[in-house]
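Per-entry structural report
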Amino acid sequence: MQKEISLKIPTSYEDITLKQWLELQKELKNYEEDEEATTAVLLYHLCGLSPEYLTGISVDDYNMLKTELAGFISKTDLDLQRFVQIDGTEYGFEPNLSNMSYGAYADITKFGQITIDENWSKIMDILYRPVESKSMGKYRIKAYTGETNGDKWLNVPMHIHFGALFFLFNLLTDLLSATLKSSMAEEVSPNIKPILQRSGEAMLQLLSSQLEISPASTLSLPNPLRSA
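Below is a short write-up of the structure. (Residues numbered from 1 in each chain as written. Predicted model: local features only at pLDDT ≥ 70, side-chain atom pairs only at ≥ 80, totals over all residues. Heavy atoms only, no water.)

1. Brief notes about the overall build of the chain
For the chain, the helix and strand inventory stands at 8 helices and 4 strands. Put simply, the chain has 228 residues, and 41% of those count as buried. Residue pairs at least 24 apart in sequence account for 74% of intrachain contacts in the chain once pairs closer than 6 positions are excluded. For the chain, the accessible surface area stands at approximately 13300 Å², while carbon and sulfur atoms represent 48% of it. (Helix = DSSP H or I, 4+ residues; strand = E, 2+ residues; numbered from the N terminus. Buried < 20%, exposed > 50% of the residue type's maximum accessible area, 1.4 Å probe, protein only. Contact = heavy atoms within 4.5 Å. Areas by Shrake-Rupley, 256 points an atom, 1.4 Å probe, with all protein chains shown as cover.)

Here it is, written out as structure tokens:
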């Protein structure tokens, strides 16, 4: 007798929370050389398909699951979400990273690298703080006090987390590119020059030494999703 099972298939990173992602990455480390087990872990954490049912699903259903996940799992063009609502409170991304307080900067450096791991929720709690005011297209967020509660970010969808990570990565790329051009010629792009002037060596050092977009944090999943 066949058993009917119901699956919730994510169609974008909006359907996956940070908690799910961290649990998935943690377990995937145990099966790095086993593609079949990796696929089973992937489908269990993202779709709720228990491993014991994997061999019983049809080839068409199996390929459909892989196709749905492969459609978004390796995207790297997610935009920064400057505002996030959590439990009725609006949080805003640091409006000007070049003016980030020393305390916030120092606390981020304690984590060794900026990547989506067990410390990422704490980094998000430093970068995003409650919005205090908005006016004329600008906004102000609560001053950093050193107190963080990363737990509230665990149920936030991954498109917000990746948007922040990719924003930092792209900022680093622009800064390094402009710095290289500046060392070879006197002229710097008008869009980048103000950023360089305000950011200074400390922010550039923070990003270049700590930002990491690694297979373990972002792009470790396409391989087990390739067509059968």
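Let us keep going from here.
2. Considerations on the nonpolar core
Core analysis: the biggest nonpolar cluster contains 51 residues, and Y13, W21, F93, W120, Y128 and F162 have the highest contact counts within it. No other element matches helix α7 (residues 158-184), which puts 8 residues into this core. Not counting residues within four places of it along the chain, the set of residues in contact with W120 comprises L18, I114, T115, H161, A164 and L165. (Core = buried A, V, L, I, M, F, W, Y, C linked by side-chain atoms within 4.5 Å.)

3. Re the sheet that holds strand β1 (residues 83-86)
One open sheet holds the 4 strands; their spatial order is β1-β2-β3-β4, and the pairing between them is antiparallel. The open sheet has two edge strands with one neighbour each: β1 and β4 (138-141). The average angle at which neighbouring strand axes cross in this sheet is 55 degrees, direction not considered. Bridge analysis of strand β3 (residues 128-135) against β4 gives 4 bridges, and the strand direction is antiparallel. Within β4, the position partnered with K134 by the bridge is Y139. In this fold helix α6 (residues 120-127) packs onto β2 (89-93), β3 and β4, with an angle of close to 20 degrees to the strand it touches most, β3. (Pairing = 2+ DSSP bridges. Axes fitted to C-alpha atoms, helices over the stretch in contact; angles between N-to-C directions.)

4. Here's the deal with the packing of aromatic side chains
Under the counting rule described, the total for this entry stands at 11 aromatic pairs. Ring centres of Y13 and F72 lie 5.2 Å apart, and the angle between their planes is 85 degrees; on these two criteria the pair is classed as edge-to-face. One end of the pair, Y13, is in the segment before α1 (18-28); the other, F72, is in the loop between α4 (59-70) and β1, with 59 residues separating them in the sequence. Taken together, a centroid distance of 5.4 Å and an interplanar angle of 85 degrees make the contact between W21 and F162 edge-to-face. Of the two residues, W21 sits in helix α1 while F162 sits in helix α7, which places them 141 residues apart along the sequence. Note on accessibility: W21 and F162 belong to one class, buried. (Phe/Tyr/Trp six-rings, centres within 6.5 Å; stacked < 30°, edge-to-face > 60°.)

5. Topic: the side chain of R129
Assignment of secondary structure puts R129 in strand β3. Relative accessible area serves as the criterion here: at 9%, R129 is assigned to the buried category. One polar contact links the side chain of R129 to the main-chain carbonyl oxygen of K142, over a distance of 2.6 Å. Once you skip the residues sitting within four places of it in the chain, R129 turns out to touch E90, Y91, G92, E94, I141, K142, A143 and Y144. (Polar contact = N/O pair within 3.5 Å; in protein donor to acceptor, adjacent residues only side chain to side chain.)

6. Section: unusual backbone geometry
Phi is positive for D87, which is not a glycine, with a value near 50 degrees. Considering the arrangement of structural elements, one finds D87 in the loop between β1 and β2. By relative accessible area, which is 78% here, D87 ends up exposed. Even without being a glycine, M136 presents a positive backbone phi close to 55 degrees. Structurally, M136 is set in the loop between β3 and β4.

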